[in-house]
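Residue strings, one per chain:
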Amino acid sequence: MMSYLDLADDQHIILSARYEDRELCKQIPDHAWNKQRNGWIYPLSSHHTQKIRTLFPDATSSPALIARLEALEAQALQVAFLKSSKTAPFQQDGILKTTLRSFQTIGARFLITAEQAMLSDELGIGKTLQVLAASLELKGNGQAKKCLIICPNTVKRPTWQAQITEHTHEQSILIEGDRSRRFQLLNRWISDPTIFFCIINYESLRNRETLEKIGAVADIIAADESVYLKNPLAKQTKAVKLIPSRYRFAISGFPISNRIEDIWSQFDWLRPGYLGTYWQFADRYLIQEKHQLPDGRGYKTLLGYKHLDELKQRLEPWFLRRLKSQVLELPPKIYHT
């Protein structure tokens, strides 16, 4: 039996191999055995395909998988080129009231090209404006009709609605009030083609009917302060992950608040399966000590981290962070007492 690679679904690869090669299959990170399909499942990424090709150099691939991998590699190359550029093409005429700086055009183009990515610029560089610019270009190209902005309640009006009014010609709708009022506003956004932006806080997404309404129309989802999604067991995290969309933008100046594990759930929303399951992620990157209780139960304590260079390499294509010192031409500070 020859080893064979195919697409399991849009986010996973399936490897069919001989039973004698099962130990080799287990050496590839984030592996899972699928009994129904009689194969090993891995996240769809260049990182995993390289590992598979190293261990199984004679494996053949399906035409569908080859085409998908070529598209992903081309996308990654485009993103890498953008991140090393000093400016990027961006059609601003009629889209924005504000002229973007060169580094902001790169950020907007990065989001458009990557499709599911994290913008983690330092505070004050203009993450909000870059997300608005990217969303409006997608609208102008006919790739998006509705944009959903999910954010903490405290920044709905003073940040997002204010900046939409200041920088764009678009209408926005703010979801607030009691349940009846929120449904009324959502229905208005869904039915009115002139309203592109909808702004909602994380807590308001816990209602299943709300999710179904949004999921039917949202082409773009921008999650502001995406660290709110760090807990995979939280209701708001599960709710956000239920909303389908092609374009997903995570926005956070501090995506890791206390622990490296915080990044897993955010990327699991952005690119489902890209970092494997949480337990696969923990086994690969966390150093843990197991403890056994007298009643037979067990627990683990975190001692440290490992393979962080590999993790950084895997996140790099879909993660952009710039500091003010890197992009803003500011005069030296003057201290006057």
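Rules of the game
- Residues numbered from 1 in each chain as written.
- Predicted model: local features only at pLDDT ≥ 70, side-chain atom pairs only at ≥ 80, totals over all residues.
- Heavy atoms only, no water.
- Helix = DSSP H or I, 4+ residues; strand = E, 2+ residues; numbered from the N terminus.
- Rg over C-alpha atoms; globule rule 2.2 N^0.38 Å.
- Buried < 20%, exposed > 50% of the residue type's maximum accessible area, 1.4 Å probe, protein only.
- Contact = heavy atoms within 4.5 Å.
- Lys, Arg positive; Asp, Glu negative; His and termini not counted.
- Charge placed at Lys NZ, Arg CZ, Asp CG, Glu CD.
- Polar contact = N/O pair within 3.5 Å; in protein donor to acceptor, adjacent residues only side chain to side chain.
- 1 Å grid on protein atoms, 1.4 Å probe; cavity = no way out; pocket = protein on both sides within 12 Å on 5 of 7 lines; lining within 4 Å.
- Points joined across faces, edges and corners; volume = space filled by probe spheres on them.
- Phe/Tyr/Trp six-rings, centres within 6.5 Å; stacked < 30°, edge-to-face > 60°.
- Lys NZ or Arg CZ within 6 Å of the ring centre and 35° of its normal.

K.L.:
Is there a simple way to think about the overall build of the protein chain in this case?
P.N.:
Looking only at helices and strands, the protein chain features 13 helices and 14 strands. For the protein chain, the C-alpha radius of gyration of 22 Å lies close to 20 Å, the compact-globule estimate for 337 residues. Taken along the three principal axes of its C-alpha coordinates, the protein chain extends 65 × 55 × 45 Å. Burial analysis of the protein chain (337 residues in total) assigns 48% to the buried set. By sequence separation, contacts in the protein chain at least 24 residues apart represent 66% of the contacts at least 6 residues apart. Once the 45 positive and 36 negative side-chain charges of the protein chain are each reduced to a mean point, those two points are 4 Å apart.

K.L.:
Would you explain the environment of Leu-186 in this entry?
P.N.:
Counting through the fold element by element, Leu-186 comes out in helix α7 (residues 179-191). If we skip the residues at most four places from it in the chain, Leu-186 touches Ile-175, Cys-198, Thr-210 and Ile-214.

K.L.:
For this particular structure, what's the right way to read the side chain of Glu-115?
P.N.:
Positionally, Glu-115 belongs in the loop between α4 (102-114) and β6 (116-119). Given a relative accessible area of 17%, Glu-115 falls into the buried group. Within the structure, Glu-115 has its side chain in polar contact with the side chain of Arg-246 (distance 2.9 Å). The contact partners of Glu-115, leaving out residues within four places of it in the chain, are Gln-75, Arg-246, Tyr-247, Arg-248 and Phe-249.

K.L.:
Is there a simple way to explain the layout of surface pockets in this structure?
P.N.:
If a probe the size of a water molecule is rolled over the atoms, the empty space left behind becomes visible. As a volume, the largest pocket reaches approximately 670 Å³. Looking at the largest pocket, it is lined by 26 residues, and the ones nearest its centre are Ser-46, Ala-76, Tyr-274, Pro-317 and Trp-318. Mapped onto the lining of the largest pocket, the elements with two or more residues apiece are α2 (46-55), α3 (63-83) and α12 (308-315). It is α3 that provides the largest number of residues to the lining of the largest pocket, a total of 9 residues.

K.L.:
Looking at this model, I keep getting lost on empty space enclosed by the protein. Mind explaining?
P.N.:
Summed over all chains, the structure comprises 1 cavity of 30 Å³ or more. Looking at the largest cavity, its volume works out to about 30 Å³. Lining the largest cavity we find Arg-179, Arg-182, Phe-183, Ser-204, Asn-207 and Thr-210. For the lining of the largest cavity, the element with the highest residue contribution is α7, accounting for 3 residues.

K.L.:
Teacher, can you tell me more about helix α10 (residues 262-270) here?
P.N.:
Each full turn of the α-helix corresponds to 3.6 residues, which orients residues three or four apart in the same direction. In terms of burial, α10 is a largely internal element, 9 of the 9 residues being buried. Turning to α10, the residues buried within the fold contact β6, β10 (220-224), α9 (235-241), β11 (247-251), α11 (278-285) and α12.

K.L.:
Explain the packing of aromatic side chains to me, please; I cannot follow it from the model alone.
P.N.:
Where two aromatic rings form a pair, the distance of their centres and the angle of their planes describe that pair. Taken as a whole and assessed by the stated rule, the structure comprises 6 aromatic pairs. Ring-pair connections join several aromatic residues into one group, and the members of that group are Trp-264, Tyr-278 and Trp-279. Its end group placed over the ring of Tyr-274, Arg-314 keeps NZ or CZ at 6.0 Å from the ring centre.

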